Amino acid sequence: MTAEAHPAGDKKTITYIFPIYNEAGNIALLHETVSKVAEELTDRYHVEFVYVDDGSKDDSLSRLQVLADSDDRVTVIELARNFGHQMAVTAGLDLADADAVIIMDSDMQDPPKVSLELVEQWERGYEVVYAQRRSRQDTAFKKLTASAFYWFLRKVASIDIPRNTGDFRLIDRKVVDELRKFRERDRFLRGLVSYIGFRQTGVLFDRDERHAGITGYPLSKMLRFAADGILGFSVAPLRLISRLGYFISFLSFLGILYVAGVKLFAPETAVPGWAFITIGMFFLGGIQITMLGVLGSYIGRTYAQSQGRPLYTVSSVRTPAKPAPVTKS
Ligand code: UDP
Ligand code: MG
């Protein structure tokens, strides 16, 4: 870090990144709580906050502007529309100029005080410190689908993604620099962070309930996100196609043997067989269409990537006023 980049001189900088989508009811409390927690860091570090408004439809943005007016450690990035949680975090990572960033949800589900434990592990030399849920206050449905998803992902993915983690984590500058090189569209950040490597460790915590507002992850977004995790880190679904193909071919071979046997040894018991044909047709048809869908999912991702569009568009950035740069002699 160069001295002129940071007004705090030789203190290292830690930047909190908050993706914001319709969090008007949480912003004030969040900032107050995080600022309080960050007081414990200010003797050693320069602390900054980057809030990324992901096209909120409530008055989150104006509340963020109020924050920026009153606190000169606050940066507000306004995305030009709703790009989704992962893109909002990406925009924050792209802009933050810090020795370490801490990514947190903005609905108070990730308790701000846990960030101090993340920093402690960073000081011990870990470059990625993820917060791992010991317990969570979510609906039974969410807990069940999440645990099924992570079980499956660990089974099929080519990387080791720690269980019960979200994007709540501290990431060292070195890892952020690597992460910035990954410009894939259908992003599953926690997977990318695992993929990148470096020394990583976890800190256990109890996840709270959302403070105000409603989830920005309805079932449809959750399913998309789950698909991004699996398709982005595994070709197992593609391999599944040929395995199913072998299996069905084997079944039909048994069918041929059976039909030949009946014809040769007991022709009088032969039935017209319409039911068998109908079921076989639907069964095969269903599997073929499903497998076309699997192919389509990968082709769709390839197409989107080949368009090479920017990941998000920014309509405004409001950074704290920096003092005039110190000229080097
Ligand atoms: N979020 C976002 N863009 C979206 C949806 C959510 O930036 O399109 C943010 C949201 O404001 C929150 C975080 O992502 O800070 C996690 O979202 P949420 O709490 O709604 O998800 P859940 O905890 O229900 O999975
Ligand atoms: Mg939440």
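Since we're looking at a predicted model, the values are computed, not measured. (Residues numbered from 1 in each chain as written. Chains lettered and ligands numbered in written order. Predicted model: local features only at pLDDT ≥ 70, side-chain atom pairs only at ≥ 80, totals over all residues.)

Participant: I keep staring at the domain arrangement of the protein and nothing clicks. Help me out?
Facilitator: Accessible area lost during the coming together of the parts is what is often quoted as the interface size. Each assigned domain of the protein is listed here: domain 1 (13-218 + 311-318) and domain 2 (235-307). Placing a centre on the C-alpha atoms of domain 1 and another on those of domain 2 gives a separation of 44 Å. Facing the four residues of domain 1 at the interface are four residues of domain 2. Its residues assigned to classes, the side of domain 1 that touches domain 2 shows one nonpolar, no polar and three charged. (Domains from an automatic or database assignment. Contact = placed C-beta atoms within 7 Å. Nonpolar A, V, L, I, M, F, W, Y, C, P; charged D, E, K, R; others polar.)

Participant: It is not clear to me how unusual backbone geometry should be interpreted in this structure. Could you clarify?
Facilitator: Leaving glycine out, the prevailing phi sign among residues is negative, and the prevailing peptide bond configuration is trans. Residues other than glycine seldom take positive phi values, yet Asn 22 does so here, at roughly 55 degrees. Given 22 C-beta atoms within a 10 Å radius, Asn 22 is considered buried. (Buried ≥ 20, exposed ≤ 12 C-beta atoms within 10 Å, placed from the backbone.)

Participant: Explain the UniProt feature "transmembrane region" (unreviewed entry) in the protein here, please?
Facilitator: Summarizing the sequence annotation, UniProt attributes the feature "transmembrane region" (unreviewed entry) to residues 244-262 and 274-299 in the numbering used throughout. Across residues 244-262 one finds 100% helix and 0% strand; the C-alpha atoms that close the span lie 27 Å apart. (UniProt positions renumbered as here; feature names shortened; annotations may be inferred. Helix = DSSP H or I, 4+ residues; strand = E, 2+ residues; numbered from the N terminus.)

Participant: Would you take a moment to explain the site of ligand 1 for this structure?
Facilitator: Looking at ligand 1, there are 17 residues lining it, with Pro 19, Tyr 21, Ser 106, Thr 215 and Gly 216 nearest. Looking at the shell around ligand 1, the elements with two or more residues in it are β1 (12-20) and α3 (85-95). (Near = placed C-beta within 6 Å.)

Participant: Hey, could you run me through the confidence of the model for the protein in this one?
Facilitator: Where the model shows low pLDDT, its predicted coordinates should not be examined in detail. The predicted model of the protein has a mean per-residue pLDDT of 87, with 93% of residues at 70 or higher. Averaged pLDDT values over the elements of the protein bottom out at 80 in helix α9 (residues 236-265) and peak at 97 in strand β4 (residues 100-103). Every residue in residues 1-5 scores below 50 in pLDDT, and together they form ten contacts with partners more than four places removed in sequence or on other chains. Interface confidence in the predicted complex, given as ipTM, is 0.96; pTM for the same model is 0.80. (pLDDT = per-residue confidence, 0-100.)

Participant: What exactly am I supposed to notice about the sheet that holds strand β2 (residues 45-53) here?
Facilitator: The strand order across the open sheet built from eight strands is β7-β5-β6-β4-β1-β2-β3-β8, with neighbouring strands paired in mixed fashion. A strand with exactly one partner marks an edge of an open sheet, and here the two such strands are β7 (200-207) and β8 (314-318). Each strand of the sheet is rotated relative to its neighbour by a mean of 20 degrees, with strand direction disregarded. Sheet topology note: the strand β5 (residues 128-136)/strand β6 (residues 165-172) ladder contains four bridges and is antiparallel. Considered in β6, the bridge of Gln 132 is made with Thr 165. (Pairing = 2+ DSSP bridges. Axes fitted to C-alpha atoms, helices over the stretch in contact; angles between N-to-C directions.)

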